[in-house]
Amino acid sequence: MGWLLKLISRLPLRFLQVFGAGIGGLAFRWIPVLRKRTNTHLDYAGLNAPGLDAKVGRNVGRQSLESIWIWYRPIDEVCQRITVSPETRERFDRIMESGRPVVFLTPHIGSFEILPIWFAHTYFPKTQREIAVLFKPPKKAILQKVVGEGRQAPGIVLCPSTMVGVKRILKTLRAGGCFGGLPDQVPTKGDGAWAYFFGQPAYTMTFPLRVAKQFEADRMFVWSVREKDGWRLESRDWNEPLTGDAQIDARAMNAQLEAIVREAPEQYGWSYHRYKNPGVTPPPETLPT
């Protein structure tokens, strides 16, 4: 499997994006569950404009194939395809100079794989501050090896969503490093709280919130917008005080995510099973708004 992905990664990025868009478009057309889920989630957000669902399907395909390119191309080459808005660069420089713990929240927009690579390439050599990245390992062992190899780079600490991974994250933060996670990924049983997301109860990740409060960390949303020849990094500070109440803080985080998603709805992962119940008690009738 690894050799095949490495072979695919040798293809031009633009070709993979175009080919991926075609695959994504076909999958969206031929797999009713993906089409239905995408449209349902767009309806929840009030964003189901004509043709938007098809754009979402094509972008899902783009993201799948370009991730292979990102994993297996030289880091220098990947970073050459990344542009950074002036406001985002200023934010990164400011928080890195402060030396304070940082929690990065990266939603499923554009290609979320590029943040740790760009961050480690840009800041690790001069600050030695690592970034711990939380991810959910694939169920198949062969894919676990492939994904792990592809995401490794100096300055990146890979942390599976297990107790071992949690300990790595805490160790990295105590050593002056940073933590990056996907705030809109459905957590495992017991690791989240019910909170509204686009008006619907969604079991929401609370671990980044707990860590941010424990370490009194700076918080920043960071996401990428796919462009013709690469990606543009955008960001937003989140300075709203955390209350320590899981549902209230989760709702506040989701409200920030909603505003970010509305900026690039065609590049968001609407087909992801965001509203599933991972085996916990169903949500109460009323939640913090």
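Model, not experiment: these values are computed from the prediction.

S.K.: Sorry, what's going on with the overall build of the protein chain here?
M.R.: Each helix and strand counted, the protein chain has 11 helices and nine strands in total. Over its C-alpha atoms the protein chain spans a radius of gyration of 18 Å, differing by no more than 12% from the 19 Å that the globule rule assigns to 289 residues. The C-alpha extent of the protein chain, read off along each of the three principal axes, is 50 × 45 × 40 Å. Residues classed as buried in the protein chain amount to 53% of the 289 residues present. In the protein chain, of all internal contacts separated by at least 6 residues, the share reaching a separation of at least 24 is 76%. Here the protein chain has roughly 13,700 Å² of accessible surface; of this, 56% comes from carbon and sulfur atoms. Taken together, the 39 basic and 27 acidic charged side chains of the protein chain have centroids lying 8 Å from each other.

S.K.: Where do I start with the pairing of strand 7 (residues 200-205) in this structure?
M.R.: Both faces of the sheet carry side chains from a regular strand, because those side chains alternate between them. Here strand 6 (residues 192-197) pairs with strand 7 via six bridges, running antiparallel. When the sheet's bridge partners are listed, Gly192 is paired in strand 7 with Met205. Hairpin connection, strand 6 to strand 7: the antiparallel pair is bridged by two residues, and Phe198 has positive phi, about 55°.

S.K.: Can you help me understand the nonpolar core in this one?
M.R.: For soluble globular proteins, nonpolar side chains are generally found buried alongside one another. Counting 41 residues, the largest nonpolar core has Ile169, Phe179, Val211, Phe221, Trp238 and Trp270 as its most contacted members. Among the elements that take part in this core, helix 11 (residues 246-261) stands out by supplying six residues, more than any other. When near neighbours in sequence (up to four residues on either side) are disregarded, Phe221 contacts Leu105, Pro183, Glu234, Ser235, Arg236, Trp238, Met253, Gln256, Leu257 and Ile260. Formed by 35 residues, the second largest nonpolar core is a distinct cluster that contains Leu5, Cys79, Trp118 and Leu233.

S.K.: Could you clarify how one ought to interpret the pattern of salt bridges in this entry?
M.R.: Pairing between side chains of opposite charge can happen when the charged atoms of each approach one another. Taken as a whole and judged by the stated rule, the model has 11 salt bridges. With its nearest N and O atoms 2.9 Å apart, the salt bridge here joins Arg236 to Glu263. Residue Arg236 is found in strand 9 (residues 230-237), and its partner Glu263 is found in the segment after helix 11; the two are separated by 27 residues along the sequence. Residue classification places Arg236 among the partly exposed positions, given a relative accessible area of 22%. What you see here is one network of salt bridges that share partners, running through Glu90, Arg91, Arg94 and Asp237.

S.K.: Where do I start with the packing of helix 2 (residues 13-30) against helix 3 (residues 32-45) in this structure?
M.R.: Helix-helix packing: each pair is described by the crossing angle between the helix axes and the interaxial distance. Contact geometry of helix 2 with helix 3 gives a least axis separation of 5 Å together with a crossing angle of 90°. Comparing their axes, helix 3 and helix 2 come out roughly perpendicular. Where helix 2 approaches helix 3, its residues Phe28, Arg29 and Trp30 are matched on the opposing element by Pro32, Leu34, Arg35, Thr38 and Asn39. Its residues placed into classes, the contact of helix 2 with helix 3 shows four nonpolar, two polar and two charged.

Rules used throughout
In every chain, residue numbers begin from 1 and rise along the written sequence. Predicted model: local features are reported for residues with pLDDT of at least 70 only, side-chain atom pairs are reported and counted for 80 or more only, and whole-chain, interface and lining totals are derived from all residues. Where side-chain values are given, they derive from all heavy atoms of the structure, hydrogens and water being excluded. Counting from the N terminus, the helices are the DSSP runs of H or I reaching at least four residues and the strands are the DSSP runs of E reaching at least two. Only C-alpha atoms enter the radius of gyration; for comparison, a globular chain is expected to reach 2.2 Å times N to the power 0.38, where N is the number of residues. Each residue's exposure class comes from its accessible area (1.4 Å probe, protein chains only) as a fraction of the maximum for that residue type: buried when under 20%, exposed when over 50%, partly exposed otherwise. A contact between two residues is defined here by any heavy atoms of the two lying within 4.5 Å. To measure how exposed things are, a 1.4 Å probe is used in the Shrake-Rupley method; for residues, cover is taken only from the protein chains shown. Here the positive residues are Lys and Arg and the negative ones are Asp and Glu; neither His nor the chain ends is included. Each charge is placed at NZ for Lys, CZ for Arg, CG for Asp and CD for Glu. Should DSSP find at least two bridges between two strands, the strands are regarded as paired. Here, nonpolar core refers to any group of buried Ala, Val, Leu, Ile, Met, Phe, Trp, Tyr and Cys residues whose side-chain atoms link them within 4.5 Å. Definition used for salt bridges: Asp or Glu carboxyl oxygen within 4 Å of a side-chain nitrogen of Lys or Arg. Here, axes are lines fitted to C-alpha atoms. For helices the fit covers the stretch in contact, and angles between N-to-C directions go from 0 to 180 degrees. Throughout this description, any angle smaller than 35 degrees is read as roughly parallel, any larger than 145 degrees as roughly antiparallel, any in the 65 to 115 degree range as roughly perpendicular, and the remainder as oblique. The residue classification treats Ala, Val, Leu, Ile, Met, Phe, Trp, Tyr, Cys and Pro as nonpolar and Asp, Glu, Lys and Arg as charged. All others, Gly included, are polar.

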